Amino acid sequence: MRLGNLLLSLTLLSAPLGLSARGLDSIVAALDSLLPFSSTVSYAITLPQAEEDILYSVVLSEASADQWLIDWSVASAGQTGWTARTGGDFYNYRNRRLQEIHSGWDRQTLPRAQFAELLPTGIADQLREIAGNPDRYTYEITESATSVNVSANRLSAGRTDAEFRWSFDPNRLLPLSFSADYNPGAISSQQISANFTYGAVQSMTDINEDTLRQRYPDAFTNHRQSNFAIEQMRGEPLPGFSLPLAAGNGRLTRDEGDAFRQPTLVILLESQSALAPELVAEIRSAVDRSPVAADVIWASVERNPDSSVDLLGRLREGETALIGAKSLAADCGAAALPVILVCHTDGNVTDLSIGLNKDTATDVIQMIMKQ
C-alpha cells in the first residue's frame, strides 16, 4: 500500500463517525453574520400530564444584535403578543398591557424575552456558553448532507438535567430546528421543539419606536404603561393634529411647527375623571395669577362633547375645547393622564407636568414664566 493511501486510511479510522470538522466558534460566527434575519417558527411545548401540546406561531425579525422583534400567537387560546428591543429600550406587549423599559430612565436591567433564544444572536449566546463551560456542558457536532447538528447535555451535580439539539442548513448555517428536554426521564420532564421556515416574512433593517408605533398603534394608544416618551417631549415640537371642537362647530387643525400667538397650555385629560374638575380649577387659577398671558387648549380624549361641555362650562377668553384627542395623547407618548404641556410661541413644548398635585397651579405659573 502506498504511503499516501496508508495515511488517509489511518486518518479516516481515527475520526469519530459523523463528526464534523466545524467547531462551535465557526457556527457562532456564521450565526452572527446572518443579520438581518427573519423566520417563522412553529414552536411546541409538551408539559407532563398535559393532554395536548401548547402550540405557538412565532415570527422572528432581527436587524442587529440589539434590534429585534418577536411576534407570537397561540391560536387555540386566541392569544397574541410581541416583544421588541430597540437599542437600550425594551417593549413587551401581552394581556393588553405594554410594558416598557428604557435605559437612562429605568434602573432595572432588560429582561430576557420569551423566544429570544430562537434568534441567531440568542442561539450564538447559548453556544458560547456551552463552549465556555466544559465542566457544565458536554456536546457533539455532527454533519450530514442536509444539516449540521449540535447536541449538548447540561450537567448538574454530575447528572444530565437538560438535553439540547440544534440543526442548521449546511450552506449558510441558517437554523432549521431546535429541541430541548428539561429533566429528561423524570415525571416532571418538559420538552420543547421548534421548526424554522423561511421566505414568508421580509427582513427588517431598522427596528425603532416609530416602526413599532406604526405596526402596533392600539398598543401604544391604549395600553401604554410608561411615561418615558412624554418626558422626552421637552424641546420637541407639539405633534400636528386635527380634532373636533367640543362645541360641535368645526375642527382645530395644526401642523407640527405651527406657531402659537402666545404661550399655550395643552391639557390632555379625561373629562369624566373624578379629578377633572380640580384640574380645571388649578389650571384656570394659574392662568389668572400668571404675570405672563397664556392660552389654554383643553384636549379631552373622550369623543362625547357633552362630558367636555359639562366639565368646562362656558369657555373663557383664550380657551379652546377639543374632543377625541386620544391620538394626540398617543403621539405625545402620554401613558397616563392628565398631562399639562407648556408650549412656546414657536410651537415647541418647553415643559410639562404629569398628574395632579397640591402644587399644580404654582408649577404651571412657573412653567409659563419660563417662556
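Model, not experiment: these values are computed from the prediction.

A. Inspection of helix H7 (residues 276–289) at higher detail. With 14 residues, H7 extends 20 Å from end C-alpha to end C-alpha; this agrees with the ideal 20 Å at 1.5 Å per step. Every buried residue of H7 is accounted for by Ala276, Leu279, Val280, Glu282, Ile283, Arg284, Ala286 and Val287. Where H7 is buried, its residues meet strand E14 (264–269), strand E15 (295–300), helix H8 (305–312), strand E16 (319–322), strand E17 (339–343) and helix H10 (360–369).

B. Fine view of the pattern of salt bridges. Scanning the entire structure with this criterion turns up 16 salt bridges. Arg128 serves as the salt-bridge partner of Asp32, at 2.6 Å between the closest nitrogen and oxygen. With Asp32 in helix H2 (residues 24–32) and Arg128 in helix H3 (residues 120–132), this pair connects stretches of sequence that are 96 residues apart. You can call Asp32 partly exposed: its relative accessible area is 35%. The exposure class of Arg128 is partly exposed, given its relative accessible area of 39%. Salt-bridge contacts for Glu209 lead to Arg224; the nearest nitrogen and oxygen are separated by 2.9 Å. Here Glu209, found in helix H4 (residues 209–215), pairs with Arg224, found in the loop between helix H5 (217–222) and helix H6 (228–231); they are 15 residues apart in sequence, far enough to count as distant.

C. Looking closely at the side chain of Ser167. Along the chain, Ser167 turns up in strand E9 (residues 159–168). Of the polar contacts made by the side chain of Ser167, one reaches the side chain of Asn149; its length is 2.7 Å. Ignoring anything within four residues of it in the chain, the contact list for Ser167 reads Val148, Asn149, Leu174, Pro175, Leu176 and Ser177.

D. Spotlight on the sheet that holds strand E18 (residues 349–354). Across the sheet, five strands lie side by side as E16-E15-E14-E17-E18; this open sheet has mixed pairing. Because the sheet does not close on itself, it has two edges, and the strands there are E16 and E18. Neighbouring strand axes in the sheet, compared pairwise and without regard to direction, differ in orientation by 15° on average. With five bridges connecting them, E14 and E17 associate as antiparallel partners. Residue Ile267 lies in a different strand from E17, and its bridge partner there is Ile340. Contacts between H10 and the sheet are confined to E14, E17 and E18, with E17 contributing the most and set at about 20° to the helix.

E. Structural context of the packing of aromatic side chains. Considering all chains together, one arrives at twelve aromatic pairs under this definition. Taken together, a centroid distance of 4.9 Å and an interplanar angle of 85° make the contact between Tyr43 and Phe115 edge-to-face. Residue Tyr43 is found in strand E1 (residues 37–46), and its partner Phe115 is found in the loop between strand E6 (97–102) and H3; the two are separated by 72 residues along the sequence. Owing to a relative accessible area of 5%, Tyr43 belongs among the buried residues under this scheme. Judged by centre distance (6.1 Å) and plane angle (20°), the rings of Trp82 and Tyr93 are stacked. Of this pair, Trp82 sits in strand E4 (residues 79–86) while Tyr93 is found in strand E5 (residues 89–94), placing the two residues eleven residues apart along the sequence. You can call Trp82 buried: its relative accessible area is 2%. Through pairs of rings, three or more aromatic residues link up here, namely Trp82, Tyr91, Tyr93, Tyr216 and Phe220.

F. A look at the sheet that holds E5. Pairing within the open sheet is antiparallel, and its eleven strands lie in the order E6-E5-E4-E3-E2-E1-E11-E10-E9-E8-E7. Both edges of this open sheet fall to E6 and strand E7 (137–143), since each of them pairs with a single strand only. Each adjacent strand pair in this sheet contributes to an overall mean axis angle of 15°, direction not counted. Where E7 and strand E8 (residues 148–156) come together, seven bridges link them in antiparallel fashion.

What counts as what
Residues numbered from 1 in each chain as written. Predicted model: local features only at pLDDT ≥ 70, side-chain atom pairs only at ≥ 80, totals over all residues. Heavy atoms only, no water. Helix = DSSP H or I, 4+ residues; strand = E, 2+ residues; numbered from the N terminus. Expected span 1.5 Å × (residues − 1). Buried < 20%, exposed > 50% of the residue type's maximum accessible area, 1.4 Å probe, protein only. Contact = heavy atoms within 4.5 Å. Salt bridge = Lys/Arg side-chain N within 4 Å of Asp/Glu carboxyl O. Polar contact = N/O pair within 3.5 Å; in protein donor to acceptor, adjacent residues only side chain to side chain. Pairing = 2+ DSSP bridges. Axes fitted to C-alpha atoms, helices over the stretch in contact; angles between N-to-C directions. Phe/Tyr/Trp six-rings, centres within 6.5 Å; stacked < 30°, edge-to-face > 60°.

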